[in-house]
Amino acid sequence: MRFGILITLLAVLGLVAWTGWHFWLILPFSKAAKWLFTGLYLFSFLVIFLHYGLGDKMPLWMATATYEWGNSWMIFFFYAVLLFAILGLGKLVHLVPAAFLKDSVAGSVTVLGILTALLTYGGIHYHHKYCEVMEIRTEKPLEKPLTVVLASDLHVGYHNRKAELSRWVDMINAQNPDLVLIAGDIVDTSLRPVRESRYEEEFLRISAPVYACLGNHEYIGGEEGSEAFYRKADIHLLRDAGAVAEGIRIIGRDDRSHPNRAPLSKLAPSDSLFTILLDHQPYHLEEAQEAGIDFQFSGHTHHGQVWPLSLVTDVLYEKAFGAHRRGHTQYYISSGLGIWGGKFRIGTRSEYLLLRIIPK
């Protein structure tokens, strides 16, 4: 595993140097200006390590700034790699003149213009939250139709801050839900901003009972601290456990980060209640079908967050985004209400699910 991390790091360092060199070549500036730009570019790469190494020891405003800066740079870097690769290929097949890539005003305006436009669009699009509506009719016993809001991957912390969470809570309450279910990754990589800024105050404003399972980021930030935060926020944590609320059964699986989590077959219901499964990572979807689950809700994939990474998640998972069905079991894999890292959505969306369960 350490060898794999080392290889990955060396590959990233190589790509950072490669893109930095291409920026140096294309910019029509003096050497001093080129040094300034490429130096800032390379320093932005180091900001990521600065945050993840020392972020919790910095003043809160500085930790927030380094998180935003470093992770936003990662998206800029990702698209810079793609763009220079496309231009390099174009040069090889004589579609892009060599002069366009060296000391070129036209080349610089094109490259920086495309990158700026992509990130501007991605930032605006991220802040638009899409409500997906889904209706399930069931023959199982249910006293009344239910309205359930389901969300995943809030990643509240240094970047999705308390004011943004307040906006999300207002959106959820506007749906007048009977229940609110969250499929993991409520918190991001650090619990420090969540504790210091008392994010639980916003969760306590949710007008319906809230149930949740753990995600992998709760393990990264520390599952014990996450559990303590859930209790403060009055979030009912289901960790390889079930609960009955509003006439339906809710099962929450521990995240697969836990090597000894219970098999779903041991958590499966033996009664006739309509059953919703919360399982953060959408692996082995056949298990819910075999266990007789009516509806599974998962997240984790973010649907790749930015295109073309969404194509990668489509390969890695049986279903990386959207509605799915296996036999009598229905699924929804959410791309997430929040996001990890840079706050950009390009070719994907930020969303929550409004599920209506209607007795036949």
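Residues numbered from 1 in each chain as written. Predicted model: local features only at pLDDT ≥ 70, side-chain atom pairs only at ≥ 80, totals over all residues. Heavy atoms only, no water.

Draft legend 1. Spatial organisation of the packing of aromatic side chains. One pass over the full model with this rule turns up 18 aromatic pairs. Both rings, one in F23 and one in F84, keep their centres 5.0 Å apart while their planes meet at 85 degrees; by these two values the pair is edge-to-face. A residue pair is termed long-range when its members are at least 10 positions apart, and F23 in helix α1 (residues 2-26) and F84 in helix α3 (residues 60-92) qualify at 61 residues. With relative accessibility at 0%, the residue F23 sits in the buried group. One aromatic cluster is present, formed by F23, F37, Y41, F45, F49, W73, F76, F77 and F84 through successive ring pairs. Positioned above the aromatic ring of Y126, the side-chain terminus of K129 is 3.6 Å from the ring centre. Against the face of Y283 rests R256, its NZ or CZ located 3.9 Å from the ring centre. (Phe/Tyr/Trp six-rings, centres within 6.5 Å; stacked < 30°, edge-to-face > 60°. Helix = DSSP H or I, 4+ residues; strand = E, 2+ residues; numbered from the N terminus. Buried < 20%, exposed > 50% of the residue type's maximum accessible area, 1.4 Å probe, protein only. Lys NZ or Arg CZ within 6 Å of the ring centre and 35° of its normal.)

Draft legend 2. Inspection of the nonpolar core at higher detail. Formed by 32 residues in total, the largest nonpolar core has its most connected members in L154, V156, I186 and F203. Secondary structure elements with two or more residues in this core: β2 (146-151), α5 (162-174), β3 (179-183), β4 (210-213), α9 (223-232) and β12 (350-359). At 5 residues, the largest contribution of residues to this core is made by α5. Not counting residues within four places of it along the chain, the set of residues in contact with I186 comprises L154, H155, V156, F203, A212, E218, Y230 and I235. (Core = buried A, V, L, I, M, F, W, Y, C linked by side-chain atoms within 4.5 Å. Contact = heavy atoms within 4.5 Å.)

Don't take any of this as a statement about function, it's just geometry.
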